2 protein chains.
Amino acid sequence: MKIGQLAKRARTPVETIRYYEREALLPEPQRSAANYRHYQQQHLERLLFIRQCRALDLSLAEIRTLLEVKDNPNAACDTANQVLDEHIQHVETRIHELQALAQQLRQLRSKCHSEKAASDCGILQSISKSNATPMPSSSHIK
Amino acid sequence: MKIGQLAKRARTPVETIRYYEREALLPEPQRSAANYRHYQQQHLERLLFIRQCRALDLSLAEIRTLLEVKDNPNAACDTANQVLDEHIQHVETRIHELQALAQQLRQLRSKCHSEKAASDCGILQSISKSNATPMPSSSHIK
DNA sequence: TAAAAACCCTGTACCAACTACAGAGTCAAG
DNA sequence: CTTGACTCTGTAGTTGGTACAGGGTTTTTA
């Protein structure tokens, strides 16, 4: 099948497929006389694997590691487990960060419910609360 | 003060300050005879505002909007509220997405606890489960 | 006072993971 | 046989910076 067909079947933009090839995640397919790419079932499966991993928010580097394990049927899948464990950690950390963030944002938002002028807006004032590191006492502002 | 001083007081890399200037978030400061940037207290305050917003994960575009409101003391702070509301929505959506993701990842991880060969690894097999859009019946795979 | 260290300048390239062209060639349908 | 849909390569843009290279300037130290 040609690249457009593959793109449809994997719900992936054509440019992205070419990008994965450049990144060596997808092997170079055969070419027709007119230099068109021609793909096999294998390519589709590999592309779906990549897209599934991307949907799980794995980075291309992580996916590359998984593909290497996959390409090496005798290798222990140890490495794949490790990639996944680290990624789970990463996602959970990010969730906690975002939860703290949302809390801060809601608190900030609560400071202004009316349509005040900007100069009176509790939100803009709160964000502006100074956070500067003081100058060392020996120096002075020019 | 010179850029290095400003950088220290706002705990912001020098390059980032110059970048904000290029992005027109910070106004161009005066220059010395040797073409060095010289900043005032105002610049520090504005930079701290930007950094505080970044810590809240607001995009530079969102920050630009907030700064415009701030620069216009007579404007209603309406727009600032709206930016914040949308951002809170955005963060909360992302939290839910990541929670679903973490769940999927944990489930996937549970499929392989031993050090099997890659070809037997439940994880790699699970990710590979086909997801392709079928070809229309009229067409065929070349 | 002179050399060395620390600072500053512009401009460019790089990161991830694509996306969006431009400009040219190829193929299928009517 | 022309029109439109597809494909090709190559390059640039996205976000929010970071990291030089290759200069000039200022401050510190010997």
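See above for the structure.
Residues numbered from 1 in each chain as written. Chains lettered and ligands numbered in written order. Predicted model: local features only at pLDDT ≥ 70, side-chain atom pairs only at ≥ 80, totals over all residues. Heavy atoms only, no water.

Examining the protein's contact with DNA strand C
- Taken together, 18 residues sit near DNA strand C, with Tyr36 and Arg54 of chain A together with Gly4, Arg18 and Arg37 of chain B positioned nearest.
- Within 4 Å of the protein, the contacting atoms of DNA strand C are drawn from sugar and phosphate to the extent of 81%.
- With respect to DNA strand C, the side chain of tyrosine 36 of chain A contributes an N or O atom lying 2.8 Å from a base nitrogen.
- Between a phosphate oxygen of DNA strand C and a main-chain N or O atom of leucine 60 of chain A, the distance comes to 3.3 Å.
- Elements supplying a minimum of two residues to the surface near DNA strand C: helix H2 (14–22) and helix H3 (41–55) of chain A together with helix H1 (3–9) of chain B.
- Examining the composition of the surface near DNA strand C, we find that three residues originate from one element, H2 of chain A, more than from any other. (Near = heavy atom within 4 Å. Polar contact = N/O pair within 3.5 Å; in protein donor to acceptor, adjacent residues only side chain to side chain. Helix = DSSP H or I, 4+ residues; strand = E, 2+ residues; numbered from the N terminus.)

Brief notes about the protein's contact with DNA strand D
- Neighbouring DNA strand D are 18 residues, the closest being Gly4, Arg18 and Arg37 of chain A together with Thr16 and Arg54 of chain B.
- For DNA strand D, the fraction of atoms within 4 Å of the protein that belong to sugar or phosphate moieties is 82%.
- Contact between DNA strand D and asparagine 35 of chain A: a sugar or linking oxygen at 3.5 Å from a side-chain N or O atom of the residue.
- Contact distances for DNA strand D include 2.6 Å between a phosphate oxygen and a side-chain N or O atom of arginine 54 of chain B.
- Within the residue set of the surface near DNA strand D, elements represented by two or more residues are helix H1 (3–9) of chain A together with helix H2 (14–22) and helix H3 (41–55) of chain B.
- Here the surface near DNA strand D gets three residues from one element, more than from any other, and that element is H2 of chain B.
- Residues that form the surface near DNA strand D fall into these classes: eight nonpolar, four polar and six charged. (Nonpolar A, V, L, I, M, F, W, Y, C, P; charged D, E, K, R; others polar.)

Function cannot be inferred from these measures alone, as they are strictly geometric.
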